[in-house]
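What follows is each chain in one-letter form.
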Amino acid sequence: VIVYSRAKADSSVKHVLPDKKMIVFGPVADDDVKAVLPVEVTYLDTHDYAARKHVKLAKKHPIFEKEKLNDTAFGVYYDLKLKSGARRILDFEDGKPCIVERKGVIYAATGLGTQLLPDSFYYDRFLLKAILYLTGREKSFARMDANKAALEEYEQQEVEKYVEHTKISTPESLSGTW
């Protein structure tokens, strides 16, 4: 899976590779990427102030099953026109597309790390789930949560060990005032 997010074109590099899936975020500068997108992207002249809108599911999709969408309003910087065969995944509250998929390419009119799926543990839960989805590994969604739970438990145990060590290593513990 290729993750693409770039504002400046570089024609010396191939961004689209045969049989590779793609996740594209925000502005698209390279023509080879524009050609495979599920949408035509038009930048909205926001005069440095983008309208902010909440997102909603356009239709049921494996990436968003058993997930709660972030209730934050996201900046709308692009107008998206669907290409033939494109499938809307996530829309803005006004019904305009936010995330669209076609032929192994997902386009998100957001940036990386926007917390579409709020999670204090994973930097970008949506990106991780999109990669698993595009590679046919949806069964690994549950593994993400199991790993998260195990790591959070380990982290809690480490904090408790540190607190206990601090308790016995301080003057307060020796004087009995702890």
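Above this text sits the structure in question.
Numbering of residues starts from 1 in each chain and follows the order in which that chain's sequence is written. Under the rules for a predicted model, residues below a pLDDT of 70 receive no local features and side-chain atom pairs below 80 are neither given nor counted, while totals for whole chains, interfaces and linings still include all residues. The basis for every side-chain value is the complete set of non-hydrogen atoms in the structure, without hydrogens or water.

A separate point is the packing of aromatic side chains. When two rings of Phe, Tyr or Trp (its six-membered ring) have centres within 6.5 Å they constitute a pair, described as stacked for plane angles under 30 degrees, edge-to-face for angles over 60, and tilted for the intermediate range. Tallied over the full model, the rule gives 4 aromatic pairs. Between F64 and F126, the aromatic rings sit 5.8 Å apart at their centres with planes inclined by 20°, giving stacked as the arrangement. Placement of the pair is F64 in the loop between β5 (55–57) and β6 (74–76) and F126 in helix α2 (residues 125–134), with a sequence separation of 62 residues. When a residue's accessible area, from a 1.4 Å probe over protein chains only, is under 20% of the maximum for its type it is buried; when over 50% it is exposed; and in between it is partly exposed. By relative accessible area, F64 is classed as buried at 4%. With centroids separated by 6.4 Å and ring planes inclined at 55°, the aromatic side chains of Y77 and Y78 adopt a geometry described as tilted. A residue is classified by how much of its surface remains accessible, and Y78, at 12% relative accessible area, is buried. Clustering of aromatic rings is evident, with ring pairs tying together F25, F64 and F126. Here, over-ring charges are defined by two tests on the NZ atom of lysine or the CZ atom of arginine: distance to the ring centre within 6 Å, and angle to the ring normal within 35 degrees. Here the basic side chain of K129 rests over the ring of F141, its NZ or CZ set 4.3 Å away from the ring centre. Only DSSP runs of H or I with at least four residues qualify as helices, and only runs of E with at least two residues qualify as strands; both kinds are numbered from the N terminus onward.

In this section: the packing of α2 against helix α3 (residues 141–169). Direction vectors running N to C along α2 and α3 enclose 140°, while the axes themselves pass 10 Å from each other. Taken as axis vectors, α2 and α3 run oblique relative to one another. The segment α2 lies against α3, with R125, L128, K129, L132 and Y133 engaging F141, M144 and D145. Among the residues forming the contact of α2 with α3, the class breakdown is 5 nonpolar, no polar and 3 charged. Fitted lines through C-alpha atoms give the axes, limited to the stretch in contact for helices. The angle between two N-to-C directions lies from 0 to 180 degrees. Each angle is binned into one of four classes, with values under 35 degrees roughly parallel, values over 145 roughly antiparallel, values of 65 to 115 roughly perpendicular, and all other values oblique. Two residues qualify as a contact provided that any one of their heavy atoms is within 4.5 Å of a heavy atom in the partner residue. We call Asp, Glu, Lys and Arg charged. Ala, Val, Leu, Ile, Met, Phe, Trp, Tyr, Cys and Pro are nonpolar, and the rest, Gly among them, are polar.

To continue, consider the sheet that holds β5. Reading across from one edge, β1-β2-β10-β9-β8-β5 is the order of the 6 strands in this open sheet, with mixed pairing throughout. Each end of this open sheet is capped by a strand with a single partner; those strands are β1 (2–6) and β5. Going across the sheet, the axis of each strand differs from the next one's by a mean of 20°, ignoring polarity. Here a strand pair is declared whenever DSSP counts at least two bridges between the two strands. As paired elements, β1 and strand β2 (residues 22–28) share 4 bridges and run parallel to each other. Paired with R6 across the two strands is V28, which belongs to β2.

Everything listed is a geometric property; what it means functionally is a separate question.
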